Amino acid sequence: HREVAPNQYECAPFFGTATTQIDQNLMVMQIMDEVSARHGLACLAQEKPFSGINGSGKHNNISLGTDTGVNLLNPGQVFKASGGKADVFPILMSAIVRAVDTYGDLMRMSIASPGNDFRLGACEAPPAIVSTYLGDDITAYLEKFKTTKTAVEYVPNTTTCDLGVDAIAPFTVPAEDRNRTSPFPYGGHRFEFRAVGSSQNVSMVNTVLCTIFAESFGMFADAIEKGAKPIDVAAEALDAHWKVIFNGNGYSEEWPIEAGKRGVTRIDSGVEAMAT
């Protein structure tokens, strides 16, 4: 579909399993390269910006599903599948927040490339500071969860969208959209790693994300199996890693200063990210 600049288009794949989607992404890149060559053109799968030419980027949406089809990042599905246990969803989110803060350097390494280093911090790409945007609603929900150590069902707020067209009735949408200046915003039922370079194979990206999530879930599981209460484990993780949650403007001049005070991962150079 058409995007923000003249002759800029976005290919948005259907939801599917990671291995299939990665293969299809690589296939689309190769087809575009080959077809353009047949027409005497060149398809530049390189990151924006170019001088006077609009470049490209890649956003990697990821969710986690069970073998029974439950999306673990969909609070409604999790609440129903768990038999009405309100604490499951915030515990899962707590583990992911911990993973992003603990392994921000690995996330930065996974999107390091020469072209992408020039793109980060502009042109619909977040800065090279690893944080996560959860939105005001979920942030307030998790803050109450970690403070009171009690859980209630999370029900996202919605707002009515009226396009002003008689043929299209007003419809409801989530009250909060993902923050386009954040590297890893929660967009409702999934996270979106918005910092991936357009020329990259996203196998490394998804390997890193799945691995750091698994390690965090493993840490929670080990503590719980030793007798700790799940809510206590999650609350302690949120307390320790709350600094990685940032719902503000990632392009602002104040954020790098604030991020430095918080101790959030920032690696400006892709070479340094890979060396680290």
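Reading the values: the criteria
Residues numbered from 1 in each chain as written. Predicted model: local features only at pLDDT ≥ 70, side-chain atom pairs only at ≥ 80, totals over all residues. Heavy atoms only, no water. Helix = DSSP H or I, 4+ residues; strand = E, 2+ residues; numbered from the N terminus. Contact = heavy atoms within 4.5 Å. Areas by Shrake-Rupley, 256 points an atom, 1.4 Å probe, with all protein chains shown as cover. Lys, Arg positive; Asp, Glu negative; His and termini not counted. Charge placed at Lys NZ, Arg CZ, Asp CG, Glu CD. Axes fitted to C-alpha atoms, helices over the stretch in contact; angles between N-to-C directions. Parallel < 35°, antiparallel > 145°, perpendicular 65-115°, else oblique. Left-handed = near helix turned anticlockwise from the far one by under 90°. Expected span 1.5 Å × (residues − 1). Buried < 20%, exposed > 50% of the residue type's maximum accessible area, 1.4 Å probe, protein only. Pairing = 2+ DSSP bridges. pLDDT = per-residue confidence, 0-100. Salt bridge = Lys/Arg side-chain N within 4 Å of Asp/Glu carboxyl O. Phe/Tyr/Trp six-rings, centres within 6.5 Å; stacked < 30°, edge-to-face > 60°. Lys NZ or Arg CZ within 6 Å of the ring centre and 35° of its normal. Arc of directions from axis to C-beta.

Observations concerning the overall build of the protein chain
Within the protein chain one finds 10 helices and six strands. For the C-alpha atoms alone, the extent of the protein chain along its principal axes is close to 65 × 55 × 40 Å. Counted over contacts in the protein chain with a minimum sequence separation of 6, partners at least 24 positions apart contribute 69%. By element, 57% of the accessible surface of the protein chain is carried by carbon and sulfur atoms, the whole surface being about 15000 Å². Seen as two clouds, the 22 positive and the 32 negative side-chain charges of the protein chain have centres 2 Å apart.

Description of the packing of helix α6 (residues 136-148) against helix α8 (residues 230-241)
Here α6 crosses α8 at 120 degrees, and the two axes come no closer than 9 Å. By the criterion of interaxial angle, the relationship of α6 to α8 is oblique. With respect to the hand of their crossing, α6 and α8 are arranged in left-handed fashion. Contacts from Leu142, Phe145 and Lys146 of α6 reach α8 at Ile231, Ala234, Ala235, Leu238 and Asp239.

Notes on helix α3 (residues 88-102)
With 15 residues, α3 should cover 21 Å at 1.5 Å per step; its first-to-last C-alpha distance of 21 Å lies within 8% of that length. Counting buried positions along α3 yields 13 of 15 residues, so the element is predominantly enclosed.

Looking at the pairing of strand β6 (residues 191-196)
Of all six residues in β6, six are buried, a share of seventy percent or more. Relative to β6, strand β1 (residues 58-62) is paired through four bridges, and the arrangement is antiparallel. Bridged to Asn61 within β6 is Glu192.

Describing the confidence of the model for the protein chain
Of the residues in the protein chain, 92% reach a pLDDT of 70 or more, and the chain-wide mean stands at 89. For the protein chain, per-element mean pLDDT is lowest for strand β4 (residues 171-174), which scores 72, and highest for α3, which scores 98.

A few points about the pattern of salt bridges
Scanning the model with the defined rule gives eight salt bridges in all. Residues Asp232 and Lys149 are paired through a salt bridge, measuring 3.4 Å at the closest nitrogen-oxygen approach. Pair noted here: Asp232 is in helix α8 and Lys149 is in the loop between α6 and β3 (158-161), with a separation of 83 residues, a long-range link. Ionic pairing is found between Asp268 and Arg266, a salt bridge with its closest N-O pair at 3.1 Å.

Notes on the packing of aromatic side chains
Per the counting criterion, the structure on display carries seven aromatic pairs. With a centroid separation of 6.4 Å and an interplanar angle of 50 degrees, the aromatic rings of Phe184 and Phe213 are classed as tilted. Taken together, the positions of Phe184 in strand β5 (residues 184-185) and Phe213 in helix α7 (residues 203-225) put the pair 29 residues apart, joining distant regions of the chain. We classify Phe184 as buried; its relative accessible area is 0%. Ring pairing ties together the aromatic residues Phe184, Tyr186, Phe191, Phe193 and Phe213, which thus form one cluster. The positively charged end of Lys146 is found above the aromatic ring belonging to Trp242, 5.0 Å away from the centroid.

Some words on the environment of Val152
With respect to the helices and strands, Val152 occurs in the loop between α6 and β3. Of the residues examined, Val152 reaches a relative accessible area of 52% and is grouped as exposed. As for Val152 and Thr276, which are separated by 124 residues in sequence, their C-alpha atoms are 40 Å apart. Here Val152 is in contact with Ala86 and Tyr141, once residues within four sequence places are set aside.

Focus on the environment of Thr160
In this fold, Thr160 is placed in strand β3. Accessibility expressed as a relative area gives 56% for Thr160, which makes it exposed. With 13 residues separating them in the primary sequence, Thr160 and Val173 have C-alpha atoms 6.3 Å apart. Apart from residues no more than four positions distant in its own chain, Thr160 is found in contact with Pro170, Phe171 and Thr172.

Details of α6
Between its first and last C-alpha atoms α6 spans 18 Å; for 13 residues at 1.5 Å apiece the expected length is 18 Å, and the two agree. All of the buried residues along α6 are Ile138, Thr139, Tyr141, Leu142, Phe145 and Lys146. End-on view of α6: buried residues confined to an arc of 160 degrees, all on one side of the axis. Of the residues in α6, the exposed ones pointing more than 90 degrees away from the buried face are Asp136, Lys144 and Thr147. Considering only its buried residues, α6 is in contact with α3 and α8. Within two residues after α6, Lys149 carries a phi angle of roughly 55 degrees, on the positive side.

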